[in-house]
Amino acid sequence: QVQLVESGGGLVQAGGSLRLSCAASGRTSSFLGLGWFRQAPGKEREFVAAITWNFGSTTYADSVKGRFTVSRDNAKNTMFLQMNNLKPEDTAVYYCAAARIGVRGYDIWGQGTQVTVSS
């Protein structure tokens with residue numbers, strides 16, 4: 001059974017930085033890629049960034065390009081999201097998710113970690 005656990009959230013002032021981690025356990029050999037999503041109060045969940053498991057190809061939402069960097073350490077089964085120049089509108093619960101071989105979309109989700117950016 002695959003599990004994802006996020007960590008690294010917290011409270012930071014605008015312009016500050018945070019680094020989120022997503023630790024995976026279980027059958028990670030089934031991964032196609034991992035992604036970061038976020039959901040702010042009263043809003044729909046939105047895509048933030050993603051990385052392919054084998055080749056490390058990355059994609060970003062326009063709202064975070066140039067500020068956020070997604071990376072992974074396959075040896076440690078961990079994905080990271082380095083968030084710089086944070087803005088109040090980045091405040092949300094951040095989730096990591098896994099897309100697996102033979103499964104449509106992201107089907108494994110973590111419990112989320114809160115990121116709050118004060119102005």
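As the structure is a prediction and not an experimental result, all values here were calculated from the model.

(A) The arrangement of the state of the cysteines in detail. Applying the stated rule across the entire model yields one disulfide. A disulfide bridge connects Cys22 with Cys96, and the sulfur atoms are separated by 2.1 Å. Disulfide Cys22-Cys96: torsion about the S-S bond near 65°, hence right-handed. Here Cys22 is found in strand 3 (residues 18-25), whereas its partner Cys96 is found in strand 9 (residues 92-100), with 74 residues between them in sequence.

(B) The arrangement of the side chain of Arg67 in detail. Here Arg67 is to be found in the loop between strand 6 (58-60) and strand 7 (68-73). Classification of Arg67 by relative accessible area gives buried; the value is 9%. Here the side chain of Arg67 touches Ser63 through a polar contact of 2.9 Å, landing on its backbone oxygen. Apart from the residues lying within four places of it in its own chain, the contact partners of Arg67 are Gln82, Met83, Asn84, Asn85, Leu86, Lys87 and Asp90.

(C) Just the pairing of strand 1 (residues 3-7), in detail. Residues Leu4 and Glu6 line the buried face of strand 1, whereas the alternating positions Gln3, Val5 and Ser7 sit on a face that is not buried. Strand direction decides the pairing type here: strand 1 and strand 3, joined by five bridges, are antiparallel. Looking across to strand 3, one finds that Val5 is bridged to Ala23.

(D) Just the pattern of salt bridges, in detail. The final tally for this structure, using the stated rule, is five salt bridges. Residues Asp90 and Arg38 are paired through a salt bridge, measuring 2.9 Å at the closest nitrogen-oxygen approach. Of this pair, Asp90 sits in the loop between strand 8 (78-83) and strand 9 while Arg38 sits in strand 4 (residues 31-39), and the two are 52 residues apart along the sequence. As a salt-bridge pair, Arg100 and Asp107 come within 2.4 Å of each other at their nearest N and O atoms. For Arg100, a relative accessible area of 22% corresponds to the partly exposed category. Residue classification places Asp107 among the partly exposed positions, given a relative accessible area of 27%.

(E) Here's a closer look at the sheet that holds strand 7. Pairing within the open sheet is antiparallel, and its four strands lie in the order 1-3-8-7. In this open sheet, the two strands that pair with only one neighbour each are strand 1 and strand 7. Neighbour-to-neighbour, the strand axes of this sheet turn through a mean angle of 15°, independent of strand direction.

Rules behind the numbers
- Residues numbered from 1 in each chain as written.
- Predicted model: local features only at pLDDT ≥ 70, side-chain atom pairs only at ≥ 80, totals over all residues.
- Heavy atoms only, no water.
- Disulfide = S-S within 2.5 Å.
- Helix = DSSP H or I, 4+ residues; strand = E, 2+ residues; numbered from the N terminus.
- Buried < 20%, exposed > 50% of the residue type's maximum accessible area, 1.4 Å probe, protein only.
- Polar contact = N/O pair within 3.5 Å; in protein donor to acceptor, adjacent residues only side chain to side chain.
- Contact = heavy atoms within 4.5 Å.
- Pairing = 2+ DSSP bridges.
- Salt bridge = Lys/Arg side-chain N within 4 Å of Asp/Glu carboxyl O.
- Axes fitted to C-alpha atoms, helices over the stretch in contact; angles between N-to-C directions.

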